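Okay, here's what each chain looks like letter by letter:
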Amino acid sequence: MKPCVKLLLAALAVSLAVCESKAAFKPRSSLVSINNNENHAGLRRHQATNKSVQQIQRGGAESGKSSLSTAMFNLVKGIVGVGVLSLPAGVAAFGDAQSAVLPAVALIAIMGSFSGYNFSLIGRVCAYTGASSYSNAWEKSVGEKSAWIPALACSAMTVLAVLAYSMVLAETFQGIAAQMGITTSRAQTIVALTVTVLFPLCSMKNLASLAPFSLLGIIGMALTVGVMAIRFFDGSYALPAGKFLESVGTLPAFGSKGASAALNPNTLILVCMLSTAFMAHFNAPKFYNELENNTLPRFNTLVGVSFGVSILFFAAATALGFSTFGKSSAGFILSNYSSKDGLIGISRICVAFALIFTYPLVFVGCRDGFLSLLKVPTEKQTDGFLRTLTVSLLTLITIAAINLKDLSFVMSFGGATLGNALIYVFPALMFNSVVKNMGDTAPAALKKETYFATFLMLLGLGIGVLGATTALKNI
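Residue indices begin from 1 for each chain and proceed along its sequence in written order. The model is predicted, so local features are restricted to residues of pLDDT at least 70 and side-chain atom pairs to those at 80 or more, both for listing and for counting; the totals for chains, interfaces and linings are taken over all residues. Based on all heavy atoms of the structure, the side-chain values leave hydrogens and waters out of the count.

(A) Region of interest: the overall build of the protein chain. Scanning the protein chain from terminus to terminus reveals 17 helices and zero strands. Working definition: with a 1.4 Å probe on protein chains only, accessible area under 20% of the residue-type maximum means buried, over 50% means exposed, and in between means partly exposed. Out of the 475 residues belonging to the protein chain, those deemed buried represent 56%. Contact definition: two residues touch when any of their heavy atoms are within 4.5 Å. Look at the contacts in the protein chain between residues 6 or more apart in sequence, and 86% of them connect residues 24 or more apart. Helical segments are the DSSP runs of H or I of at least four residues, strand segments are the runs of E of at least two, and each set is numbered from the N terminus.

Structural data, given as structure tokens:
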């Protein structure tokens with residue numbers, strides 16, 4: 001291995017451990033709702049934007065529900081999900097030498113920083129307009145007539161999230177079954193899980209008892225990255241004589257396409273995957289409104305630290321996974337590891353356990369999004385109606401999870417389309433509208449900032465079009 005790559009991996013592992021220890025505070029609330037009921041009351045757009053910037057900088061009159069440390073933990077937990085385990089495949093899309101992790105880590109840092117900026121931008125829109133949710137921010141900035149556009153995008157994004165969960169559960173439980181000596185197909189695994197476990201959990205009337213289990217997600221991911229580091233540095237999968245090589249489905253593969261290969265158009269696959277991986281933006285209004293003493297400087301501190309920790313986490317997982325398996329990196333990196341690897345087996349169980357209990361929380365957000373889009377009256381949302389809708393959605397998602405076997409494609413195509421819209425396009429449109437509505441009272445700095453927001457919007461559009469095309473070509 002090249003010394004620079006090994007040094008980078010070691011530095012990432014140490015930095016991640018330090019940042020994770022600083023973020024490990026006790027959460028007050030372990031679930032941030034994906035979909036919120038729209039609040040149509042409040043000031044009109046032109047009234048809301050007449051609030052002075054100085055007044056907004058001082059924060060709200062009432063304290064929020066979350067301390068800064070609690071909000072940081074919850075935001076990191078909301079960003080770092082199963083999508084991180086698909087990122088090594090994004091590097092394999094353009095490179096096959098270990099030095100390819102260098103531009104990959106740079107891209108993770110750049111895209112993570114842009115994502116964090118736009119997350120902050122949404123919070124600022126809420127500060128200027130008094131909005132309570134993503135769609136409500138659009139209503140109070142761009143207009144009510146087109147508010148269905150971001151609402152539809154948010155709902156579609158939750159569908160992709162649930163689909164990704166189903167795909168990861170299929171891969172994870174198939175691997176667990178293999179370690180127990182049980183042979184089962186991917187379709188059999190996901191159907192059995194959906195019928196016996198997921199449907200009963202998703203049909204629960206009260207999911208409050210499941211919320212604490214979402215904490216296991218970040219614990220399981222941290223443990224998994226730690227195990228990946230152990231296996232990389234102990235050479236268990238290193239060619240030609242790694243002790244687990246005889247029991248892997250596909251041997252690691254390395255070539256000569258290193259850092260310079262990042263100029264390949266296929267690099268856009270990783271870029272678009274990162275749009276999905278960093279996606280937490282539909283919850284930005286909730287984080288701003290529920291932050292204790294929610295001044296903009298405190299909110300920006302929340303965003304900066306949380307996205308910084310997430311960038312380190314993503315960089316470590318990506319570098320370790322790709323440097324272990326190279327071009328052979330699968331869409332779900334744990335699939336590359338041997339079924340006889342005990343440490344990886346523990347990681348699979350932790351990830352599976354966390355996903356099982358967080359799946360219903362994400363699914364209900366998906367279901368509620370459809371109820372909102374379809375404008376189903378509350379009185380018609382009977383137990384029978386909700387059960388029928390739950391069965392219908394789970395059936396469609398399960399069928400899609402059976403037929404779509406490449407998680408990296410779901411991540412890249414979803415990021416190229418919905419992810420880029422929610423992260424880059426919509427925030428810029430809202431922010432620019434807010435500044436325009438301020439008229440002559442808008443500070444010069446805000447007017448200048450609209451140019452940068454517009455630049456990111458155009459960048460997102462360009463990456464989205466090219467990324468979606470590249471993802472479809474590589475199916």
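(B) Representation of the pattern of salt bridges in the model. Salt bridge, as applied in this entry: a Lys or Arg side-chain nitrogen positioned within 4 Å of an Asp or Glu carboxyl oxygen. One pass over the full model with this rule turns up five salt bridges. One salt bridge in this structure joins R231 and D341, with 2.9 Å as the shortest N-O distance. Here the residue R231 occupies a position in helix α10 (residues 215-233), and D341 occupies one in the loop between α13 (296-325) and α14 (342-373), the gap between them amounting to 110 residues. We note that R231, like D341, is buried. Ionic contacts of the salt-bridge type, sharing partners, join the residues R231, D234 and D341 into one network.

(C) Examining the packing of aromatic side chains more closely. Pairing of aromatic side chains requires ring centres within 6.5 Å, counting the rings of Phe and Tyr and the six-membered ring of Trp. Pairs whose planes differ by under 30 degrees are stacked, by over 60 edge-to-face, and all others tilted. Scanning the model with the defined rule gives 16 aromatic pairs in all. Between Y237 and Y337, the ring centres sit 5.0 Å apart and the planes meet at 85°, which makes this aromatic pair edge-to-face. Of this pair, Y237 sits in the loop between α10 and α11 (267-277) while Y337 sits in the loop between α13 and α14, placing them 100 residues apart in sequence. Among the aromatic side chains, those forming a connected cluster through ring pairs are F119, F278, F287, Y288, F299, F307 and F314.

(D) Representation of the packing of helix α8 (residues 148-179) against helix α9 (residues 186-202) in the model. Fitted lines through C-alpha atoms give the axes, limited to the stretch in contact for helices. The angle between two N-to-C directions lies from 0 to 180 degrees. Look at α8 against α9: their axes get within 9 Å of each other, and the N-to-C directions meet at 110°. The angle between α8 and α9 places the two elements in the roughly perpendicular class. Where α8 approaches α9, its residues S166, M167, L169, A170, E171, F173 and Q174 are matched on the opposing element by R186, T189, I190, L193 and L198. Amino acid classes used here: Ala, Val, Leu, Ile, Met, Phe, Trp, Tyr, Cys and Pro are nonpolar; Asp, Glu, Lys and Arg are charged; the rest, including Gly, are polar. Class assignment of the residues belonging to the contact of α8 with α9 gives a composition of seven nonpolar, three polar and two charged. Angle categories are assigned with fixed cut-offs, so that under 35 degrees is roughly parallel, over 145 is roughly antiparallel, 65 to 115 is roughly perpendicular, and the rest are oblique.

(E) Focus on the nonpolar core. F119, F314, Y359 and L422 are the most contacted members of the largest nonpolar core, which totals 138 residues. Here the element with the most residues in this core is helix α16 (residues 407-438); it accounts for 17 residues. Setting aside residues up to four positions removed in sequence, F314 forms contacts with I79, V80, V84, L87, I108, A277 and F278. For this analysis, a nonpolar core means a set of buried residues of the types Ala, Val, Leu, Ile, Met, Phe, Trp, Tyr and Cys, connected via side-chain atoms within 4.5 Å.

(F) Molecular detail of α13. Any helix carries an expected span of 1.5 Å times its number of residues minus one. With 30 residues, α13 should reach 44 Å at 1.5 Å per residue; the first-to-last C-alpha distance of 43 Å fits that figure. Counting buried residues in α13 gives 22 out of 30 residues, a clear majority hidden from the surface. Downstream of α13 by a residue or two, G326 has a phi angle that is positive, lying close to 60°.

(G) Broad picture of the side chain of S328. By the secondary structure assignment, S328 is in the loop between α13 and α14. The class for S328 is buried, based on a relative accessible area of 15%. Setting aside residues no more than four positions away along its own chain, S328 makes contact with T250, L251, P252, A253 and N336.

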